[in-house]
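For reference, the chains in residue letters:
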Amino acid sequence: MLDFKIPIERELYRMQKIKYKGKDIQTYMFGKGDINNAVFSFPAFPHSGLMYLYFLWHYDPQNLCFVTFDLPGWIGKSEVPFENNRYDEEEVLEIATKVRDNYGINKCNVVGYSFGSTLAARLGAMDSENIKKIAFVSPVLAGKDIKEGWRRATMEMIGKLGLWSFVKKYLYYKFSGYKKVIKLSFEEEGMDTTVIDAYETLIAQSDSRVIFDSLYKLFNSDYSDYVRQIPPEKVIVVSSKGEDPYLRKQAEHVRRILDGEQTAFLEGDHQAFILDPKSDSVNKVLKMLLD
């Protein structure tokens with residue numbers, strides 16, 4: 001069990017650790033909806049799957065069954081099974097399969113948000129028959145095409161000099177800004193905000209090398225061919241109007257290579273979908289998936 005209380009009714013969530021190569025993987029199920037119409041989601045970089053529990057405030061938990069997990073090395077409670085603590089995408093996909101099996105999920109809907117879109121694309125391509133619908137939310141699926149030089153230069157410097165501790169310091173810096181937004185959301189819902197301070201302590205348990213490796217891979221890969229293997233009628237592409245131009249171009253790229261996908265545009269910036277979710281946005285995406 002986690003060492004702090006999740007601020008929703010106990011009957012609305014389930015937490016369980018499963019084993020992968022002898023390591024604990026923290027998993028979550030939110031809501032009491034039909035397991036045969038479950039939504040499976042990869043965590044958003046570099047957060048715990050816990051972040052998705054906010055959706056229960058904006059969508060009827062009796063009609064939602066949402067399954068996710070903590071990706072090893074990121075913020076959360078999963079232990080790292082990767083050799084030499086190097087991010088391994090193939091192993092993450094194996095873990096995702098074990099999580100689905102653990103909850104008895106055969107066919108499901110999939111959400112791939114931001115970084116998670118890469119893993120969702122891989123899952124959709126290799127298991128299309130068991131994917132009902134797949135939503136790419138603010139996708140980054142052609143990272144090698146991102147031309148922002150300062151981002152690449154920073155990653156190259158960290159990699160060459162082995163400045164992994166810089167990554168964790170950056171996480172603390174970013175979360176200090178996110179925390180204000182999240183606490184405000186909690187306060188608006190009348191929820192106990194102390195869980196946010198407890199969540200911040202999980203950053204200390206993250207692995208800087210895994211986080212760096214996963215981000216480096218994101219910026220140097222192209223998942224377009226995996227997207228092309230997914231039947232377009234199963235795909236939903238969602239992007240935010242307030243995102244940076246390079247992120248809007250990523251969503252446009254996915255729409256160009258598909259023909260027949262559903263599409264939606266949300267208000268807010270790139271982080272808003274998970275850190276400051278609005279009822280209209282959450283309902284729009286989940287209804288497109290579940291209807």
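Relevant structure appears above.
Definitions and limits used
Residues numbered from 1 in each chain as written. Predicted model: local features only at pLDDT ≥ 70, side-chain atom pairs only at ≥ 80, totals over all residues. Heavy atoms only, no water. Helix = DSSP H or I, 4+ residues; strand = E, 2+ residues; numbered from the N terminus. Rg over C-alpha atoms; globule rule 2.2 N^0.38 Å. Contact = heavy atoms within 4.5 Å. Lys, Arg positive; Asp, Glu negative; His and termini not counted. Charge placed at Lys NZ, Arg CZ, Asp CG, Glu CD. Axes fitted to C-alpha atoms, helices over the stretch in contact; angles between N-to-C directions. Parallel < 35°, antiparallel > 145°, perpendicular 65-115°, else oblique. Left-handed = near helix turned anticlockwise from the far one by under 90°. Nonpolar A, V, L, I, M, F, W, Y, C, P; charged D, E, K, R; others polar. Buried < 20%, exposed > 50% of the residue type's maximum accessible area, 1.4 Å probe, protein only. Pairing = 2+ DSSP bridges. Right-handed = clockwise from strand over helix to strand, strands pointing away. Core = buried A, V, L, I, M, F, W, Y, C linked by side-chain atoms within 4.5 Å.

Q: Would you take a moment to explain the overall build of the chain for this structure?
A: When helices and strands are counted, the chain shows ten helices and eight strands. What you see for the chain is a C-alpha radius of gyration of 18 Å, in line with the 19 Å of a compact globule of 291 residues. Pairs at least 24 apart in sequence give 75% of the contacts found in the chain among residues at least 6 apart. Once the 39 positive and 41 negative side-chain charges of the chain are each reduced to a mean point, those two points are 3 Å apart.

Q: Got a minute to help me understand the environment of V195 in this structure?
A: In this structure, V195 sits in helix α5 (residues 194–201). Taking the C-alpha atoms as reference, V195 lies 13 Å from S48; in sequence the two are 147 residues apart.

Q: Can you walk me through the packing of helix α1 (residues 89–102) against helix α2 (residues 116–126) in this structure?
A: In a packed pair of helices, the relevant descriptors are the angle between the two axes and the axis-to-axis distance. Where α1 contacts α2, the axes come no closer than 11 Å and their chain directions differ by 70 degrees. Judged by the inter-axis angle, α1 sits roughly perpendicular to α2. As for how α1 packs across α2, the hand of that crossing is right-handed. Contact with α1, carried on its side by E89, E90, V92, L93, T97 and R100, involves T118, L119, R122, L123 and M126 of α2 and no other residues of that element. Here the residues of the contact of α1 with α2 are counted per class, giving five nonpolar, two polar and four charged.

Q: I keep staring at the side chain of R255 and nothing clicks. Help me out?
A: Mapped onto the fold, R255 is located in helix α8 (residues 245–257). Each residue touching R255, except ones within four places of it in the same chain, is listed here: V237, V238, S239, E261, T263, A264 and F265.

Q: Looking at this model, I keep getting lost on the pairing of strand β5 (residues 108–113). Mind explaining?
A: Moving residue by residue along a regular strand, the side chains alternate between the two faces of the sheet. Burial within β5 is extensive, with six of its six residues counted as buried. Burial of the side chains of β5 extends over both faces: C108, V110 and G112 are buried on one face and N109, V111 and Y113 on the other. Sheet topology note: the strand β3 (residues 39–41)/β5 ladder contains three bridges and is parallel. Opposite F40, over in β5, you have V110 as the bridge partner. In terms of strand pairing, β5 meets strand β6 (residues 131–137) through five bridges, oriented parallel. Residue pairing across strands places V110 opposite I134, the latter belonging to β6. Since β5 and β6 lie parallel, the crossover through α2 that links them has a hand, and here it is right-handed.

Q: What is the right way to read the environment of I25 from this model?
A: Assignment of secondary structure puts I25 in strand β2 (residues 23–30). Residue I25 is classed as buried on the basis of its relative accessible area, which comes to 0%. A C-alpha to C-alpha distance of 21 Å links I25 and L215, two positions 190 residues apart in sequence. Excluding residues that lie within four positions of it along the chain, I25 makes contacts with Q16, K17, I18, Y20, F69, D70, P72, S78, E79 and I95.

Q: I tried to follow the nonpolar core on my own but got confused; where do I start?
A: The tendency in soluble globular proteins is for nonpolar side chains to be buried side by side. Ranked by size, the top nonpolar core spans 96 residues in total, and within it F30, F40, F42, F69, F136 and L286 carry the most contacts. In contact with F42, not counting residues within four places along its chain, are Y52, T68, F69, L93, A96, V111, G116, L119, A120 and L123.

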